[in-house]
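Tertiary structure, described
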Amino acid sequence: MIGLSRLSIIVPVYNRIDLFDRCIQSLININIPKNEYEIIIVDDYSDNNFSEIYKSYEIENVKYLKLNKRTGMGQARIEGLNYSKSPYVAFVDSDDYVDPDFHRILLETLENDKNCSLAIGPIIDWCSINNTHKITYKPNSNIIKKEHFIDYFMRGGIDPHCMVIWNKVMKRELLEGLNLPIGKTASEEFGYMFPIKDRMNYARIVNMNSYYWWTQTTIPIQEKYSYFTSGVLENLYKFSKRDDLTISQRTYLSNVIRYAKATNRQYLRTHDSIPEC
């Protein structure tokens, strides 16, 4: 049942104790009244005693869900979604943080446009090695229609950060009952937006405030993307073989993979090993 909360922010965590406080503090201090949003910490059976860390916050809208076994980030997100009570949902990784107005502006964008399915914000790459910040992703459109969603993000080469789930606020109904990718590795999440895309109406871009994505590398952005672009395609290929996909969905994914291989040949290091669907 949907409660009074406007927004549920789900934070899966596994042994991320060093940067966890910065993440949660940024969410506690967002510019939405405390009684209008909830923060759900999903402890994916960490070795650390996160239940004691959780008690240190003692804030009513911060909730703690302890899983009884290690499931991986994908399943932890699903458990958090099932536990949540809001009509709008956002996900934040436990080593990242946000500007105070990031979720407020995305949420208000959706509340002011009931036909819009999700709102997307910019990402800033925060490097912990030298404490530098660099804009990783800042879209240049105001609205993306359903039929152009995947194509837009692949224009000029694949940018995996456009396909992640954590720089967005979306309607809860987009996620309920979906068979989302589940696994213990980060690359699993690159299949999220494909099933979500089939349920959405259109998305709105909001180029204000930012989501700070934590990284330990100083590799140039384009080179870093090209390094794991092949991994993204491999994940999409595996996703395209799921039994619950329709023929049209499978064909669409095949075209996406074929397009990516053709347009990113100079970047893909193992593209020839990725079969067509």
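Since this is a predicted model, take the numbers as computed values, not measurements. (Residues numbered from 1 in each chain as written. Predicted model: local features only at pLDDT ≥ 70, side-chain atom pairs only at ≥ 80, totals over all residues. Heavy atoms only, no water.)

Bringing helix α1 (residues 17–28) into the picture now. With twelve residues, α1 extends 17 Å between its outermost C-alpha atoms, agreeing within 8% with the 16 Å of an ideal straight helix rising 1.5 Å per residue. Looking only at α1, the buried set comprises Leu19, Phe20, Cys23, Ile24, Ser26, Leu27 and Ile28. (Helix = DSSP H or I, 4+ residues; strand = E, 2+ residues; numbered from the N terminus. Expected span 1.5 Å × (residues − 1). Buried < 20%, exposed > 50% of the residue type's maximum accessible area, 1.4 Å probe, protein only.)

Not every positive phi belongs to a glycine, and Tyr45 is a case in point at roughly 60°. By secondary structure assignment, the location of Tyr45 is in the loop between β2 (37–43) and α2 (50–55).

What follows concerns the environment of Ile32. Note that Ile32 resides in the loop between α1 and β2. Given a relative accessible area of 4%, Ile32 falls into the buried group. Setting aside its immediate chain neighbours within four residues, Ile32 contacts Arg6, Leu7, Tyr37, His103, Arg104 and Leu107. (Contact = heavy atoms within 4.5 Å.)

So, about the nonpolar core. Counting 37 residues, the largest nonpolar core has Leu7, Ile9, Val11, Ile24, Leu27 and Ile39 as its most contacted members. Elements with a contribution of two residues or more to this core: β1 (7–13), α1, β2, β3 (62–66), β4 (88–91), α4 (102–111) and β12 (211–215). In this structure, Val42, Ile120, Tyr192 and Phe239 belong to the second largest nonpolar core, which totals 26 residues. (Core = buried A, V, L, I, M, F, W, Y, C linked by side-chain atoms within 4.5 Å.)

Take the pattern of salt bridges next. This model, assessed by the stated rule, comprises ten salt bridges. Put simply, Asp101 and Arg104 hold a salt bridge, and the shortest N to O gap is 2.9 Å. Looking at Arg104, the relative accessible area reads 23%, which means it is partly exposed. Of the charged contacts in the structure, one is a salt bridge between Glu176 and Arg172, with a shortest N-O distance of 2.7 Å. In this structure Glu176 comes out as partly exposed when scored by relative accessible area, which is 40%. Among the residues examined, Arg172 registers a relative accessible area of 9% and is labelled buried. Linked by salt bridges that have partners in common, Arg6, Glu36 and Glu111 make up one network. (Salt bridge = Lys/Arg side-chain N within 4 Å of Asp/Glu carboxyl O.)

Moving on, we come to the sheet that holds strand β6 (residues 118–120). The strand order across the open sheet built from eight strands is β3-β2-β1-β4-β10-β6-β11-β9, with neighbouring strands paired in mixed fashion. Looking along the sheet, the strands with just one partner apiece sit at the ends: β3 and β9 (143–145). Mean inter-strand twist for the sheet, computed between neighbouring axes without regard to direction, equals 20°. The strands that α1 touches are β1, β2 and β3; relative to β2, the one it contacts most, it runs at about 160°. Contacting β1, β4, β6, β10 (168–171) and β11 (202–205), α4 crosses the sheet at an angle of about 30° to β10. (Pairing = 2+ DSSP bridges. Axes fitted to C-alpha atoms, helices over the stretch in contact; angles between N-to-C directions.)

Looking now at the packing of aromatic side chains. By the definition in use, this model includes four aromatic pairs. When the centroid spacing of 6.5 Å and the interplanar angle of 10° are considered together, the rings of Trp166 and Trp213 count as stacked. One end of the pair, Trp166, is in the loop between α5 (149–154) and β10; the other, Trp213, is in strand β12, with 47 residues separating them in the sequence. One aromatic cluster in this structure is built from Phe102, Trp166, Tyr211 and Trp213. For Arg70, the ring lying beneath its charged end belongs to Tyr14, and the centroid distance is 3.9 Å. Its guanidinium or amino end placed over the ring of Tyr83, Lys85 lies 5.4 Å from that ring's centre, counting from NZ or CZ. (Phe/Tyr/Trp six-rings, centres within 6.5 Å; stacked < 30°, edge-to-face > 60°. Lys NZ or Arg CZ within 6 Å of the ring centre and 35° of its normal.)

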